[in-house]
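# What the coordinates show
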Amino acid sequence: MDSRHYDMSEEQKAIKAKYPVVIKKHEYLDHTADVQLHAWGDTLEESFEQVVMAMFGYISDIEVVEPLDTVEVEAEGEDMMSLLYQFMDAWLYKFCAEIFFIPREVKVVSLDRVNFKIRSIGWGEEFNLEKHPQGTEVKAITYSAMQIHEEENKNDVFVIIDI
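Residues numbered from 1 in each chain as written. Predicted model: local features only at pLDDT ≥ 70, side-chain atom pairs only at ≥ 80, totals over all residues. Heavy atoms only, no water.

## What about helix α2 (residues 44–59)?
- The end-to-end C-alpha separation of α2 is 23 Å, in line with the 22 Å expected for 16 residues at 1.5 Å each.
- The buried count for α2 comes to 15 of 16 residues, which makes it a mostly enclosed element. (Helix = DSSP H or I, 4+ residues; strand = E, 2+ residues; numbered from the N terminus. Expected span 1.5 Å × (residues − 1). Buried < 20%, exposed > 50% of the residue type's maximum accessible area, 1.4 Å probe, protein only.)

See the structure below:
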């Protein structure tokens, strides 16, 4: 994780060495009592992928997650902001309430900007405290100060998560 350091076990070091480095196009911005995620990419799809990975990077060190299983997540909204909210909430639900799945990578397969639907795939595994360092619990996604900036070759999203 960007802001925290963990003592790594030999198993964790081996996992990091086994897989390519996770590309991180995101950062954590200070916010009163919460944290603001800022993610960017060449496309809006990549920005959505990166903001989900920023959230999981706050929960644990995603570099020690092995891509052993695949999970599909779909979401829909009424506009782009609600779509982003629902998308992140659906991924958080997979982690917190459903199968405790933590991805090493998320890929947006389709993003329908007219009907506000998104489909994605994540590669990862079940979260295990013996293997994955525990970061900060993410309680919820918020609409507070949510922003989506879509430009040619530069797309940014900002999301505040409740921790």
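## What about the UniProt feature "domain: Archease" (unreviewed entry) in the chain?
- Residues given the UniProt feature "domain: Archease" (unreviewed entry) here are residues 27–163.
- With 26% helix and 43% strand, residues 27–163 has end C-alpha atoms that lie 16 Å from one another. (UniProt positions renumbered as here; feature names shortened; annotations may be inferred.)

## Describing the pattern of salt bridges
- Here the structure, examined in full by the defined rule, presents 12 salt bridges.
- With its nearest N and O atoms 3.5 Å apart, the salt bridge here joins R119 to E72. Of the two residues, R119 sits in strand β5 (residues 117–126) while E72 sits in strand β3 (residues 69–76), which places them 47 residues apart along the sequence.
- On the basis of relative accessible area, R119 is assigned to the partly exposed category, the value being 29%. (Salt bridge = Lys/Arg side-chain N within 4 Å of Asp/Glu carboxyl O.)

## Some points on the sheet that holds β3
- The strand order across the open sheet built from 3 strands is β3-β5-β4, with neighbouring strands paired in antiparallel fashion. The open sheet has two free edges, formed respectively by β3 and β4 (101–112), since each of these has just one partner strand. Between one strand and the next, the sheet's axes are offset by a mean angle of 20°, whatever the strand orientation.
- For β3 and β5, the ladder comprises 8 bridges, and the chain directions are antiparallel. Bridged to E74 within β5 is R119.
- Packed on one face of the sheet, α2 meets β4 and β5 and runs near 160° to β4.
- Its contacts with the sheet put helix α3 (residues 80–98) on β3, β4 and β5, and the angle it makes with β3 is roughly 145°. (Pairing = 2+ DSSP bridges. Axes fitted to C-alpha atoms, helices over the stretch in contact; angles between N-to-C directions. Contact = heavy atoms within 4.5 Å.)

## Let's talk about unusual backbone geometry
- Unusually for a residue other than glycine, F100 sits at a positive phi of about 55°.
- Considering the arrangement of structural elements, one finds F100 in the loop between α3 and β4.
- Relative accessible area serves as the criterion here: at 41%, F100 is assigned to the partly exposed category.
- Phi at N153 is positive, roughly 65°, even though this residue is not glycine.

## Re the side chain of N155
- With respect to the element layout, N155 can be found in strand β8 (residues 154–162).
- A polar contact of 3.4 Å, which involves the side chain of N155, links it to the backbone oxygen of E151. (Polar contact = N/O pair within 3.5 Å; in protein donor to acceptor, adjacent residues only side chain to side chain.)

## So, the nonpolar core
- Ranked by size, the top nonpolar core spans 44 residues in total, and within it L37, F48, M55, F56, F87, M88 and W91 carry the most contacts.
- Those elements giving two or more residues to this core turn out to be β2 (34–41), α2, β3, α3, β4 and β8.
- Those residues in contact with M55, other than ones at most four positions away along the chain, are L37, M88, W91, L92, V138 and I141. (Core = buried A, V, L, I, M, F, W, Y, C linked by side-chain atoms within 4.5 Å.)

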